[in-house]
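Observations on the three-dimensional arrangement
If you want the building blocks of each chain, they are given just below.
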Amino acid sequence: VQLVESGGGLVQAGGSLRLSCAASGRTVSSYAMGWFRQAPGKEREFVAGIYWNGGGTRYADSVKARFTISRDSAKNTVYLQMNSLKPEDTAVYYCAAVRGTEPLFGSWGQGTQVTVSS
């Protein structure tokens with residue numbers, strides 16, 4: 001499956017953004033899907049996942065109650081709604097097929113930059 005992330009940008013603290021991950025090759029319903037992020041000088045980390053066993057979701061503690069992951073199978077797209085953004089959310093965000101909280105495949109797309117100003 002090939003994935004293209006979009007929707008990032010510059011936003012003030014407390015603001016919102018919605019990221020999109022458009023898939024081609026296989027449908028997003030074929031895999032559990034997740035969002036990851038990598039801040040400068042830090043390791044890439046799991047942010048959120050949506051699983052195809054009834055669509056259950058899982059979030060990193062740092063984003064719980066602020067971020068929401070969803071999937072539109074008709075559009076073959078996964079979304080990450082980010083509310084109450086904080087400067088520490090600044091990172092490049094990537095989507096990927098996942099197993100648990102780990103990426104299923106070894107490759108990544110170009111990601112989308114999210115910058116939150118204080």
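All values derive from a computational prediction rather than experimental measurement. (Residues numbered from 1 in each chain as written. Predicted model: local features only at pLDDT ≥ 70, side-chain atom pairs only at ≥ 80, totals over all residues. Heavy atoms only, no water.)

Considering all chains together, one arrives at four aromatic pairs under this definition. Pairwise contacts between aromatic rings join F36, F46, Y94 and W108 into one cluster. Above the plane of the ring of Y79 lies R18, whose end atom (NZ or CZ) is 4.2 Å from the centre. Above the face of the W108 ring, R44 is positioned so that its terminal group lies 3.9 Å from the ring centre. (Phe/Tyr/Trp six-rings, centres within 6.5 Å; stacked < 30°, edge-to-face > 60°. Lys NZ or Arg CZ within 6 Å of the ring centre and 35° of its normal.)

Within the fold, R66 resides in the loop between strand 6 (57–59) and strand 7 (67–72). Engagement of the side chain of R66 in a polar contact is seen with the backbone oxygen of S84, the distance being 2.9 Å. In contact with R66, other than residues within four places in its own chain, are Q81, M82, N83, S84, L85, K86 and D89. (Helix = DSSP H or I, 4+ residues; strand = E, 2+ residues; numbered from the N terminus. Polar contact = N/O pair within 3.5 Å; in protein donor to acceptor, adjacent residues only side chain to side chain. Contact = heavy atoms within 4.5 Å.)

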